[in-house]
Amino acid sequence: MSKSAYRLVLAGLAVLVLAATAVITVQRVSPYVAAVLIIALATAPFLISFERSRPDAREVVLMAVLTALAVASRAAFAFVPHFKPMAGVVMIAGIALGPRAGFLVGVLAALASGFLFGQGPWTPFQMLAFGAAGAAAGLLGACGAFPRAGLSLGQRVGLAAGGFVLVVLVLGPILDTSTLFLMASSLTPASAAAVYLAGLPVNTVHGAATALTLLLAANPLLGQIARVRRKYGLE
């Protein structure tokens, strides 16, 4: 992994810890406002880093296309309850383009899809959740766990399994947290357990959609992205 990727991840984690500590210290801040503040501060290092990198216009176009594809994948399966391939497409973007681009594709896809399915207080949590999925996949790609193209069957199965676990244990609970803040009358261990347990079946279906997307679409999409990167000198 490049030093810049390490610095970016460490900066995001440091800001997240500092923001959480500050919010815990200031007890009068409402839980929802505190959570949105933490999300904004955790997202800031990725946005600032991308802005300072002066990305090539062709790279921006490629990210925009992948963002649109992620939104379209969610819209295409809107008739199937909780079956969202969008996280799988975001993870593929992360592997192909790196953790920073993967995070931004996830954030923008969540924001853009909200215009189709409804914006609301849950939107910041969706942006963080899908951004985290793209960044995590990007880190796996940068570490060499998965190549940018030409995954073997074993690698595709491993990626699909990793995507399922990521959605069930990370992405899904982040989304459930917005439900906890917005629906629970009081924040207690019992109310939190009820919300997270109720969300487990939904997250399982979401994880299965992500795993299936990665298993079937990872190689074709990664191959096309690699071809575009070679053709336009984005390697």
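All of the points below concern the structure found in this document. Values in this document were obtained by computation on a predicted structure and should not be read as measured data. Residues take numbers from 1 onward in each chain, read along the sequence in its written order. Per-residue local features of the predicted model are confined to residues with pLDDT of at least 70, and side-chain atom pairs are confined, for both listing and counting, to 80 or more; whole-chain, interface and lining totals are unaffected and use all residues. Here the side-chain values reflect all heavy atoms present in the structure, with hydrogen atoms and water set aside.

Focus on the packing of aromatic side chains
Now for step 1: Ring geometry is summarised as follows: Phe, Tyr and Trp rings, the Trp one being its six-membered ring, pair when their centres sit within 6.5 Å, and such pairs are stacked at plane angles under 30 degrees, edge-to-face over 60 and tilted between the two. This model, assessed by the stated rule, comprises two aromatic pairs.
Now for step 2: Relative to phenylalanine 79, the ring of phenylalanine 77 has its centre 6.4 Å away and its plane inclined at 20 degrees; by these criteria the two rings are stacked.
Now for step 3: Exposure categories follow from relative accessible area, calculated using a 1.4 Å probe and restricted to protein chains: below 20% of the type maximum is buried, above 50% is exposed, and the middle band is partly exposed. A relative accessible area of 33% means that phenylalanine 77 is categorised as partly exposed.
Now for step 4: Taking the centre distance of 5.3 Å and the plane angle of 50 degrees together, the rings of phenylalanine 77 and phenylalanine 83 count as tilted.
Now for step 5: Here phenylalanine 83 falls in the buried class, since its relative accessible area comes to 19%.
Now for step 6: Taken together through their ring pairs, the aromatic side chains of Phe77, Phe79 and Phe83 make up a single cluster.

Details of helix α3 (residues 57-76)
Residues spaced three or four apart along an α-helix point in a common direction, a consequence of the helix completing one turn every 3.6 residues.
Now for step 1: Between its first and last C-alpha, α3 extends 28 Å over 20 residues, near the 28 Å set by a 1.5 Å rise per residue.
Now for step 2: Of the residues making up α3, those classed as buried are Leu62, Met63, Leu66, Thr67, Ala70, Val71, Ser73 and Arg74. Going along the chain from the N terminus, every DSSP run of H or I of four or more residues is numbered as a helix, and every run of E of two or more is numbered as a strand. Multiplying 1.5 Å by the helix residue count minus one yields the expected span of that helix.

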